[in-house]
Amino acid sequence: MEMLARLHAADRQLFTRIFRQSERKAIIPLARALSRSGDGYLYALIPLTLWALNIPKSGLLVIALALGFTLERILYGILKRTLKRRRPANAIPGFNSLIIASDKFSFPSGHASGAFLFATSMTFTFGAPLLAIYLWASGVALSRVLLGVHFPGDIVAGSFLGASIGLICIALLGSAW
């Protein structure tokens, strides 16, 4: 338990540093836009559009993402309800986030897990521009800290969860690729 307390204290300290630096007005609109881009609609719209356009392997992408997001949402929900880590606005007295989170608990970040699941699946399927799509996923994750709804550890865990589930789904579909 002492180790968890130390991790939480370090996470909180890092959050405070990042959030203080994010008070620059120019960063906030970009953080909001990146956060919104990870709300989930693109995760259905892009693969279904590719599939409708008959792009090779897009059917596999649709299947991988459907399976992946089903697993991710189940694990995400279990972790959130089990660990019940409070969000920064509830954990730090006098702190107010810049947006209102969609649920009560902070760990792991669903935006980070979704973005990294999507990025991993797109990269594996199409060899998509690796740097660009992972920069976007990282931006979605970091935006959640900059907007004050997650601690850095939440986005690290969410990113790992999403990328791992993406790789598991790819492995499960194995020979179809």
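Residue positions are given per chain, counted from 1 along the sequence in the order it is written. In keeping with the predicted nature of the model, local features appear solely for residues at pLDDT of at least 70, side-chain atom pairs appear and are counted solely at 80 or more, and the whole-chain, interface and lining totals rest on all residues. Here the side-chain values reflect all heavy atoms present in the structure, with hydrogen atoms and water set aside.

Chemist: Where do I start with the overall build of the chain in this structure?
Modeler: For the chain, the helix and strand inventory stands at eight helices and zero strands. Each helix is a run of DSSP H or I of at least 4 residues and each strand a run of E of at least 2, with the numbering of both proceeding from the N terminus. Listing each helix as α and each strand as β along the chain from the N terminus yields α-α-α-α-α-α-α-α. For the radius of gyration, the atoms used are the C-alpha atoms, and the globule rule reads 2.2 Å times the number of residues raised to 0.38. The C-alpha atoms of the chain give a radius of gyration of 17 Å, which matches the 16 Å a tight globule of 177 residues would have. Seen through its principal axes, the chain has C-alpha atoms that stretch 50 × 40 × 25 Å. Contact between two residues is taken to exist if any of their heavy atoms lie within 4.5 Å; hydrogens are not considered. Considering only contacts within the chain whose residues lie at least 6 apart along the sequence, 78% involve residues at least 24 apart. Carbon and sulfur atoms make up 69% of the accessible area of the chain, which totals about 9,700 Å². All tallies of charge rest on Lys and Arg as positive and Asp and Glu as negative; His and the ends of each chain are not included. Taken as the charge location is NZ of Lys, CZ of Arg, CG of Asp or CD of Glu. Each charge class in the chain was averaged separately, 18 positive and 7 negative side chains, and the resulting centres sit 3 Å apart. In these tables, accessible area is a Shrake-Rupley quantity obtained with a 1.4 Å probe, and a residue counts as shielded only by the protein chains included in the view.

Chemist: Even after reading the chapter, I still don't get the pattern of salt bridges, so can you show me in this structure?
Modeler: Opposite charge on two side chains permits them to pair, given that their charged atoms come into close proximity. Here, a salt bridge means any side-chain nitrogen of Lys or Arg that lies within 4 Å of a carboxyl oxygen of Asp or Glu. The full count for this structure, using the stated rule, is five salt bridges. The partner of glutamate 72 in a salt bridge is arginine 73, with the nearest N and O atoms 2.8 Å apart. Buried means the residue's accessible area, taken with a 1.4 Å probe over protein chains only, is under 20% of the maximum for its type, while exposed means over 50%, and partly exposed covers the values in between. Since its relative accessible area comes to 0%, glutamate 72 is described here as buried. Owing to a relative accessible area of 39%, arginine 73 belongs among the partly exposed residues under this scheme. The shortest N-O distance in the salt bridge between aspartate 103 and lysine 80 comes to 3.4 Å. Of this pair, aspartate 103 sits in the loop between helix H5 (88–91) and helix H6 (110–126) while lysine 80 sits in helix H4 (residues 58–83), and the two are 23 residues apart along the sequence.

Chemist: Could you clarify how one ought to interpret a nonpolar patch on the surface in this entry?
Modeler: Patches in this entry comprise residues that are over 30% relatively accessible and not in a salt bridge; like charges within 9 Å are linked, as are nonpolar side chains (Val, Leu, Ile, Met, Phe, Trp, Tyr) within 5 Å. Side chains of Met3, Leu4 and Leu7 sit close together on the surface and give an oily, nonpolar patch of about 350 Å² of accessible area. With respect to the element layout, leucine 4 can be found in helix H1 (residues 2–21). Judged by its relative accessible area of 54%, leucine 4 falls in the exposed class.

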